[in-house]
Amino acid sequence: MSIEDKIKGVISRFQTSDSSRKNGPTTYLGQTPDIFKAYETKNPDDLPIPQCVQFEITNFCTTGCRMCFRWTWLKQRDYDETAELTVDRQIELFKELADLGVKTFLWTGGEPVSHPEFVRLIEAAHGFGVKVGVLSNGVGITPEIADAMIQYGSWVRISQDDVQTDFEKKNVRRVLEAPSYGKNHGDIFEELDKSIGNLRKSMEKFPENDFSIGLAFTIQKNNVRSIPAMIQYAEENKIKASMKLAHGEGGKYLCSKEDLDWIKNTLLTDEKLVSSEYSNLNYLKDFFLKMLDEKDIIEGMPTRKYYSENNITCFTTELFSLIDAFGRTYVCCHLYDDNGTFKSDQREKYNIGDVTNNSFESVWRSNAYQKIRQDLAPIDVCNMHCSNCTRHWVPNTVLTSLHREVFTPLKDELGLEEAVKQYEEAVRGLSTSTPVWH
């Protein structure tokens, strides 16, 4: 079997969970020759620059959510807003990353659109040739912000917890006051409809721009029975909904065994729902629930047994990086503890470096970053906070499988340099150069 056929065999086994991110295996396949070489040499200078960098452009948030403490951060007495990166420094970093070859930014927060200079920031990133995807709670996307998103961004994915307000069920995030609108706001669904309406009007104004709107639906015990209505909402609005099960050890919001049985035996037996082009239920049915352990999913640590039994290496450390609003750098949102409290031992432990005054490349190729790459090869879920990693587990598995099944046998037969050369030739015809958000 040819090297190319072996690679095809590996990538054909996997699905991507979120169409917004465009992170199918072929989009990062072109990075793997350099990644595998660096993995073998242990030399950070051999590493490619990450394809995608996540920026937490602000810590301010406009909603209070059951599974997240971010909205409380600015309320802490020792929170210092002046310690956040200035707009000028953020733009300097955008340019540095673009010059290094980073192709995509993923903007999060807090709520990214609450940043008072959001329009200036996204226009600057666009001017440097970087594609921007935005993860938003959907509150505060004004006509001005919508215009900027459509003109200078690539997509927005809006979190939605249900299809109607039900405070008795406590299924809905609360809309909080913000400088841009004060107390003048509706409930979460009124704000979502307003924001989606503004985005649609902007898309009509700039029809030549290839922009997409997506929904993110986190399945919890208080909204699990609303999934059919959520898909109907997505179909009526012609917006794709990405559904995932909530995670986080001990979370009171987690689905029960009864909930999971309902998903498997009722929801996922409805072929009309599963086959809808506006949802990813087929991913849950054919991939997520088949490959991950049910007990782990219920306990909020869905990849615990999977990572342990399959000896998976975290290659996210070579594909992606995260910079928070203070300029601190992390390998991913899970080790960053992005939904945790302001004071987080985990966040302090896995802080790799700071780009407030240092270049990103100096942090990316630092000994501290290299150490954590080695610590996560393979992932030790007993000592690391990786057992709730539903965001990166597919790319990690794809790259581990390619390295184990294709590259390592080639290296053992031909030696490292010749293996890299032949492997690189094989992936050239299979990889795609479209933007990817990890």
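Below is a summary of the structure that appears in this document.

**So, the layout of surface pockets**
Next up, step 1: The space that makes up the second largest pocket amounts to roughly 450 Å³.
Next up, step 2: Around the second largest pocket, the lining is made up of 24 residues, and of these Val-113, Ser-114, His-115, Pro-116 and Glu-117 lie nearest the centre.
Next up, step 3: Contributions of two or more residues to the lining of the second largest pocket are made by helix H5 (118-127) and helix H6 (143-152).
Next up, step 4: Its residues placed into classes, the lining of the second largest pocket shows 13 nonpolar, 7 polar and 4 charged.

**Some points on the pattern of salt bridges**
Next up, step 1: Scanning all chains against the criterion turns up 26 salt bridges.
Next up, step 2: Residue Glu-299 pairs with Lys-295 through a salt bridge whose shortest N-O separation is 2.9 Å.
Next up, step 3: One network of salt bridges, with partners in common, ties together Lys-257, Asp-261, Lys-264 and Glu-294.

**Some remarks on the sheet that holds strand E4 (residues 131-136)**
Next up, step 1: Strand order in the open sheet formed by 9 strands is E8-E7-E5-E4-E3-E1-E9-E10-E11, and the pairing between neighbours is mixed. Edge strands, defined here as strands with exactly one partner in the open sheet, are strand E8 (240-245) and strand E11 (353-354).
Next up, step 2: Of the pairings in the sheet, the one linking strand E5 (residues 155-159) to strand E7 (residues 212-219) comprises 5 bridges and is parallel in character. Residue pairing across strands places Arg-157 opposite Gly-214, the latter belonging to E7.
Next up, step 3: Helix H8 (residues 227-237) contacts E7 and E8 of the sheet and is inclined by roughly 175° relative to E7.

**Comments concerning the state of the cysteines**
Next up, step 1: In total, this model carries 0 disulfides according to the counting rule given.
Next up, step 2: Cysteine Cys-61 shares no disulfide, and the gap to the nearest cysteine sulfur, in Cys-65, comes to 6.0 Å.
Next up, step 3: Given the relative accessible area of 14%, Cys-61 is considered buried.
Next up, step 4: Sulfur of Cys-333: no disulfide; nearest cysteine sulfur belongs to Cys-332 and is 5.7 Å away.

**Section: unusual backbone geometry**
Next up, step 1: In this structure, the amide linkage connecting Ala-377 to the following residue, Pro-378, adopts the cis form with an omega of 0°.
Next up, step 2: Along the chain, Pro-378 turns up in the loop between helix H18 (367-375) and helix H19 (393-414).
Next up, step 3: Notably, Lys-22 is not glycine yet its phi reads approximately 55°, a positive angle.
Next up, step 4: Structurally, Lys-22 can be placed in the loop between helix H1 (3-11) and helix H2 (26-29).
Next up, step 5: Even without glycine at this site, Asp-337 takes up a positive phi of about 60°.
Next up, step 6: Tracing the backbone shows Asp-337 in the loop between helix H15 (333-336) and helix H16 (345-349).

Calculation rules
- Counting starts from 1 at the beginning of each chain's written sequence and moves along it residue by residue.
- The predicted origin of the model limits local features to residues at a pLDDT of at least 70 and limits the giving and counting of side-chain atom pairs to 80 or more, whereas totals for whole chains, interfaces and linings rest on all residues.
- With hydrogens and water stripped out, all remaining heavy atoms of the structure feed into the side-chain values.
- Here a cavity is any set of points on a 1 Å grid over the protein atoms alone where a 1.4 Å probe fits but cannot get out, and a pocket is any open set with protein on both sides within 12 Å along at least 5 of 7 lines; a residue lines the site when it has an atom within 4 Å of a point.
- Grid points are joined across faces, edges and corners, and a volume is the space filled by probe spheres set on the points.
- Helix numbers and strand numbers start at the N terminus; a helix is a DSSP run of H or I with at least 4 residues, a strand a run of E with at least 2.
- Gly is put with the polar residues, along with every residue not named as nonpolar or charged; the nonpolar set is Ala, Val, Leu, Ile, Met, Phe, Trp, Tyr, Cys and Pro, and the charged set is Asp, Glu, Lys and Arg.
- We define a salt bridge as a contact between a side-chain nitrogen of Lys or Arg and a carboxyl oxygen of Asp or Glu at a distance within 4 Å.
- Strand pairing follows a simple DSSP-based rule, namely that at least 2 bridges must link the two strands.
- The contact criterion used throughout is that any non-hydrogen atoms of two residues lie within 4.5 Å.
- Simply put, an axis is a line fit to the C-alpha atoms, just over the touching stretch for a helix, and the angle between two N-to-C directions goes from 0 to 180 degrees.
- The disulfide definition used here is simple: a pair of cysteine sulfur atoms within 2.5 Å.
- Categorising residues by exposure relies on relative accessible area from a 1.4 Å probe, with only protein chains included: less than 20% of the type maximum marks a residue as buried, more than 50% marks it as exposed, and the intermediate range marks it as partly exposed.

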